[in-house]
Amino acid sequence: MPGISTPPFPVDVPTHPLLVIDYRRVKDGDKDEIEKLWNAATQLGFWYLKNHGVDAEVDGMFDMGLETMALPMDEKMAHEQGDDGASFGYKAAGTNAVDEKGNLDSTEFINVSKDDALAFPNVVHRAYPSTVVARMNSTIRPFIEKSVEVNNTLINTLNAELGLPEGTLAQLHNPEEQSRCVARVIRAPPKPGPIDEQKAMLSAHTDFGSLSFLHNRLGGLQVLAPGTDKWQYIKPVPGHAICNIGDSLTIFSGGILRSNMHRVVPPPKEQEKFERYSVVFFTRANDHVELRALVEDSPLIAGAVANTPNAQVRFWPGVTARGWLERRVRGQRIKHFTVRLGTPTVHTRTHRNRAI
Ligand SMILES: O=C(O)CCC(=O)C(=O)O
Ligand SMILES: [Fe+2]
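Here's what I pulled together on the structure shown here. (Residues numbered from 1 in each chain as written. Chains lettered and ligands numbered in written order. Predicted model: local features only at pLDDT ≥ 70, side-chain atom pairs only at ≥ 80, totals over all residues. Heavy atoms only, no water.)

1. A word on the overall build of the chain
- A count of helical and extended segments in the chain gives twelve helices and 14 strands.
- Computed over its C-alpha atoms, the radius of gyration of the chain comes to 19 Å, within 12% of the 21 Å expected for a compact globule of 356 residues.
- Along the first, second and third principal axes, the C-alpha atoms of the chain reach 55 × 50 × 50 Å.
- Counting the 356 residues in the chain, one finds 56% classified as buried.
- Long-range contacts, defined as pairs at least 24 residues apart, comprise 78% of the intrachain contacts of the chain with a sequence gap of at least 6.
- Surface accessibility of the chain: about 14600 Å² in total, with carbon and sulfur atoms responsible for 52%.
- The chain carries 40 positive and 42 negative side-chain charges, and their two centres are separated by 5 Å. (Helix = DSSP H or I, 4+ residues; strand = E, 2+ residues; numbered from the N terminus. Rg over C-alpha atoms; globule rule 2.2 N^0.38 Å. Buried < 20%, exposed > 50% of the residue type's maximum accessible area, 1.4 Å probe, protein only. Contact = heavy atoms within 4.5 Å. Areas by Shrake-Rupley, 256 points an atom, 1.4 Å probe, with all protein chains shown as cover. Lys, Arg positive; Asp, Glu negative; His and termini not counted. Charge placed at Lys NZ, Arg CZ, Asp CG, Glu CD.)

This is the structure we're talking about:
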């Protein structure tokens, strides 16, 4: 982030390693690189992506986030996303529960819809704060266009590896159609001292959409790797994005692609004093697409589903991509959090947001 210098990730804090995927090689059809991407997407569901070519646009997005969070609270609140599952606009601190006791978060987001950015100055979904409008053409639209290109290239590559007919997943993620695809900047204030659940900046979750393209400067992101019961940091590496699979690709692929649990806690050691910003682009399936395993289109997917207990419940949730997203966003809001007979519950799904 220009103008703000923060200490590097400490050398003596354990981290979970990720495979490094070279985007240019994947785009060029390099077989070894594609195999590495397949391993990352099916085993952990997270990887580093280098040579993606979006660095300048990401820097601009960090600046847009700083400018937006510095606006007067009444301008931000005029664009708050509300409690009904909408995911575009500003998310205020204190609107989500961070733990099962109903403690409140202190994390703010600004969420800009792909549809609004591409149609600008026309409005598809909603209006945004002045700092977003000022950078829509110069920063946000180029960031979104490039992120769409990167994510859709990776999705097309996974389509082929899943044995799906060409264009199957592309048709479900058509940028020309309306979706909940969104560019997000996250701000979390410092919370020095030992980590406990109340201090979570984002509580444990899987991502709701298909593919996330994340840019981190400070540590704080942690994964719960399969077969472990210990949260581990993912170290931010300059110039490397962090990509991860979301719930809908898991469902489309009958569980072959893995949407893994993760959370955000205060950055470690000397980084803990700094406020934490992150930038993400979330690719989500088109609004009307039904979430279901694509068993008719791929013997590989049909085979995976046949070997999965409770496949019907896991892979046929009976909801569209838009419905899934709205249900999960609503479920995080404190407004929908209740405590019954001393047992805290959230109206929609479990508080831990385990997707499937
Ligand atoms: O800020 C981060 O590092 C992760 C953000 C994240 O997991 C999310 O927004 O879903
Ligand atoms: Fe996430």
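2. Quick word on helix 2 (residues 31-43)
- Its 13 residues give helix 2 an end-to-end C-alpha distance of 18 Å, which sits within 8% of 18 Å, the value for a rise of 1.5 Å per residue.
- Those residues of helix 2 that fall on the buried side of the exposure criterion are Glu33, Ile34, Leu37, Trp38, Ala40 and Ala41. When helix 2 is viewed along its axis, its buried side chains cluster within an angular range of 165° and face the same direction. For helix 2, the exposed residues lying more than 90 degrees away from the buried face are Lys31, Asp32 and Gln43. (Expected span 1.5 Å × (residues − 1). Arc of directions from axis to C-beta.)

3. Quick look at the sheet that holds strand 1 (residues 20-22)
- Spatial ordering of the open sheet is given by 1-2-10-7-12-5-4-3, a layout of eight strands whose pairing is mixed. A single partner strand is all that each edge strand has here, and the edge strands are strand 1 and strand 3 (89-91). Strand-to-strand twist across the sheet, computed as the mean angle between neighbouring axes with direction ignored, equals 25°.
- Taken together, the six bridges between strand 7 (residues 211-216) and strand 12 (residues 276-283) define a ladder with antiparallel strand orientation. Bridging from a neighbouring strand, histidine 215 pairs with valine 279 of strand 12.
- Sheet strands touched by helix 2: strand 1, strand 2 (46-50) and strand 10 (241-245). Its angle to strand 1, the strand with the most contacts, is close to 140°.
- Lying over the sheet, helix 3 (residues 55-69) contacts strand 3, strand 4 (108-113), strand 5 (182-188), strand 7 and strand 12, oriented at roughly 115° with respect to strand 12. (Pairing = 2+ DSSP bridges. Axes fitted to C-alpha atoms, helices over the stretch in contact; angles between N-to-C directions.)

4. Focus: unusual backbone geometry
- Cis geometry marks the peptide bond from phenylalanine 120 to proline 121, where omega comes out at 10°.
- Tracing the backbone through its elements, the reader meets proline 121 in the loop between helix 5 (114-119) and helix 6 (130-134).
- The phi dihedral of asparagine 51 is positive, around 55°, even though this residue is not glycine.
- Within the fold, asparagine 51 resides in the loop between strand 2 and helix 3.
- Take asparagine 51: its relative accessible area is 31%, and that puts it in the partly exposed class.
- Although it is not a glycine, lysine 269 adopts a positive phi angle of roughly 50°.

5. Quick notes on the site of ligand 1
- Around ligand 1 there are 13 residues in total, and His205, Asp207, Asn216, Arg276 and Ser278 lie nearest to it.
- The separation between an oxygen atom of ligand 1 and a polar side-chain atom of asparagine 216 is 3.1 Å.
- Coverage of ligand 1 by the protein amounts to 96% of the 290 Å² it exposes when considered alone.
- For the shell around ligand 1, the secondary-structure elements that each account for two or more residues are strand 5, strand 6 (202-205), strand 7, strand 11 (262-264) and strand 12. (Near = heavy atom within 4 Å. Polar contact = N/O pair within 3.5 Å; in protein donor to acceptor, adjacent residues only side chain to side chain.)

6. A closer look at the pattern of salt bridges
- The tally for this structure, following the rule as stated, stands at 19 salt bridges.
- Measuring nitrogen to oxygen at the nearest pair gives 3.2 Å for the salt bridge that ties lysine 146 to glutamate 57. Taken as a pair, lysine 146 in helix 7 (residues 136-161) and glutamate 57 in helix 3 lie far apart in primary sequence, 89 residues in all.
- Of the residues examined, lysine 146 reaches a relative accessible area of 33% and is grouped as partly exposed.
- Note that arginine 292 is salt-bridged to glutamate 296, the shortest N-O span being 2.9 Å.
- Overlapping salt bridges bring together Arg25, Asp30, Glu33 and Lys36 as one network. (Salt bridge = Lys/Arg side-chain N within 4 Å of Asp/Glu carboxyl O.)

7. A few points about the sheet that holds strand 8 (residues 221-223)
- Pairing in this open sheet of four strands is antiparallel, and the strands run 6-11-8-9 from one edge to the other. Edge positions in the sheet fall to strand 6 and strand 9 (232-233), since each of these pairs with one other strand and no more.

8. Some thoughts on the coordination of the iron ion (ligand 2)
- Bound to the iron ion (ligand 2) are the protein donor atoms His205 (NE2), Asp207 (OD) and His262 (NE2), situated 2.1 to 2.2 Å from the metal.
- The sequence pattern describing where the donors of the iron ion (ligand 2) fall on their chain is H-x1-D-x54-H. Here histidine 205 matches aspartate 207 in class, with each residue buried. (Donors = N, O, S within 2.8 Å, 3.2 Å for Na, K, Ca; no water.)

9. Some thoughts on the pairing of strand 2
- In terms of burial, strand 2 is a largely internal element, four of the five residues being buried.
- Where strand 1 and strand 2 come together, three bridges link them in parallel fashion. Looking across to strand 2, one finds that isoleucine 21 is bridged to leucine 49.
- Judged from the four bridges that link them, strand 2 and strand 10 form a sheet pairing that is antiparallel. If you follow tyrosine 48 over to strand 10, its bridge partner there is isoleucine 242.

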